[in-house]
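# Coordinate inspection notes
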Amino acid sequence: TATAYESIGLVPRSITRTLSGFQTELTGQSSSLVLQEFRVAKYQALASLQYMGCLLLLPWGLSILIKEWFLEPWVKLWWNTGQFHIFINSFQEEIALKRLQEVEELVWLDKVMTNSSEIQSQDLDIEIHEKTIQLVETYNEHSIQTILQLLTDTICFATLSASFLLGKERLAILNSWIQELFYSLNDTMKAFFILLLTDLCIGFHSPHGWEIVIGSFLEHLGFARNKHIISCFVSTFPVILDTVLKYWIFRHLNRISPSIVATYHTMNE
């Protein structure tokens, strides 16, 4: 039974494949080898695409189904009846207070612009009270959606982790298929994709992108944009990525294909 993936050893796979090809030509098994390689490549591609689809669709679909059928009714019931809080953290409370002040100012301005001669405080209080109730309902729903999003993300992460742990063989096949696609490109295209990835993650303009990503992630979790956390992450994580990439180029890529490294350095300069 032929395996659908090949591990990378000390000897490059191109040399072992060439020697294996000479051996099959001498023994007269070239036709059967071509058919076998075609079947293995077909199975490898289909298995990799199926596993990628499973990784992309299964965690997302399962988390959405659990959220719609179980989590959302339970969280709404617990949040509206089991406790008396409206805001998850102080960040949301500060935003709501600022929004309430803006609403009061807008109500006063609207009354002054429409009828400046007769302004009754009772009417203003009633309108401000109605706006406040709407604002409370809005932020109460926002708190529920934030909790649901956190639970959904946890389920999605747990499902994805279980898919990685239970599908180690498919993960190895996917890894081998991606490597085959990468090494089948010419040296210029390989260097281009490496350079594109490095410029996106650790290039000159990457800190601004990392700030947007981390800030959006913190807001997704219901927290404020903490400048200290963002600055600390931006100043350390891209440096770690740069070190890992340089080590990979020096240790792994330079041994497998020195021409790719030379092309990469030439394009980078």
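Residues numbered from 1 in each chain as written. Predicted model: local features only at pLDDT ≥ 70, side-chain atom pairs only at ≥ 80, totals over all residues. Heavy atoms only, no water.

The following threshold applies: UniProt positions are given in the numbering used here, feature names are shortened, and annotations may be inferred rather than shown by experiment.
Named according to an unreviewed UniProt entry, the protein is Envelope membrane protein, chloroplastic originating from Sphagnum jensenii. For the protein, the Sequence similarities (unreviewed entry) comment in UniProt is given as "Belongs to the CemA family." Under Subcellular location (unreviewed entry), UniProt gives the following word-for-word description of the protein: "Membrane".

## Digging into the overall build of the protein
What counts here: We count a stretch as a helix when DSSP gives it H or I for four or more residues in a row; a strand needs E for two or more, and each element gets its number in order from the N terminus. We call a residue buried when its accessible area falls under 20% of the maximum for its residue type, exposed when it is over 50%, and partly exposed in between, using a 1.4 Å probe and counting protein chains only. Only heavy atoms matter for contacts: two residues are in contact if any of them lie within 4.5 Å across the pair. All accessible areas in this document rest on Shrake-Rupley with a 1.4 Å probe, and a residue is counted as covered only by the protein chains that are shown.
Scanning the protein from terminus to terminus reveals nine helices and zero strands. Classification of the 269 residues of the protein by burial places 24% in the buried group. A separation threshold of at least 6 residues defines the contact pool for the protein, and within that pool the share at least 24 residues apart is 75%. On the protein, roughly 19,000 Å² of surface is accessible, and the fraction owed to carbon and sulfur atoms is 65%.

## Quick look at the packing of aromatic side chains
Let me state the cut-off plainly: Aromatic pairing here means that ring centres of Phe, Tyr or Trp (its six-membered ring) are within 6.5 Å. Orientation follows from the plane angle: under 30 degrees is stacked, over 60 is edge-to-face, and everything else is tilted.
Tallied over the entire structure, the rule returns six aromatic pairs. With 5.3 Å between their ring centres and 80° between their planes, W210 and F237 make a pair best called edge-to-face. With W210 in helix α7 (residues 206–220) and F237 in helix α8 (residues 227–256), the pair connects residues that are 27 residues apart, well separated along the chain.

## So, the side chain of E72
Inspection of the secondary structure assignment puts E72 in helix α2 (residues 30–82). The exposure class assigned to E72 is buried, which follows from its relative accessible area of 17%.

## Looking at the pattern of salt bridges
Pairing between side chains of opposite charge can happen when their charged atoms approach one another. Operational definition: For salt bridges, the criterion is a side-chain nitrogen of Lys or Arg within 4 Å of an Asp or Glu carboxyl oxygen.
Scanning the entire structure with this criterion turns up three salt bridges. The shortest N-O distance in the salt bridge between K76 and E72 comes to 3.3 Å. Here the residue K76 and the residue E72 both occupy positions in helix α2, the gap between them amounting to four residues, near one helical turn. By relative accessible area, which is 29% here, K76 ends up partly exposed. Salt-bridge contacts for K246 lead to D242; the nearest nitrogen and oxygen are separated by 3.4 Å. Of this pair, K246 and D242 are both found in helix α8, four residues apart, which corresponds to roughly one turn of the helix.

## Digging into α8
Residues lying three or four places apart along an α-helix face the same way, a consequence of the helix completing one turn every 3.6 residues. To be explicit about the condition: In this scheme, a helix's expected span is set at 1.5 Å multiplied by one less than its residue total. At every residue, the bend is computed as the angle between two fitted axes, covering the seven residues ending there and the seven beginning there respectively.
Under the 1.5 Å per step criterion, the end-to-end length of α8 is 42 Å for 30 residues, consistent within 8% with the ideal 44 Å. The largest bend in α8 comes to about 35°, at I249. Turning to α8, its buried residues number three or more, namely I230, V234, P238, L245, I249, H252 and L253.

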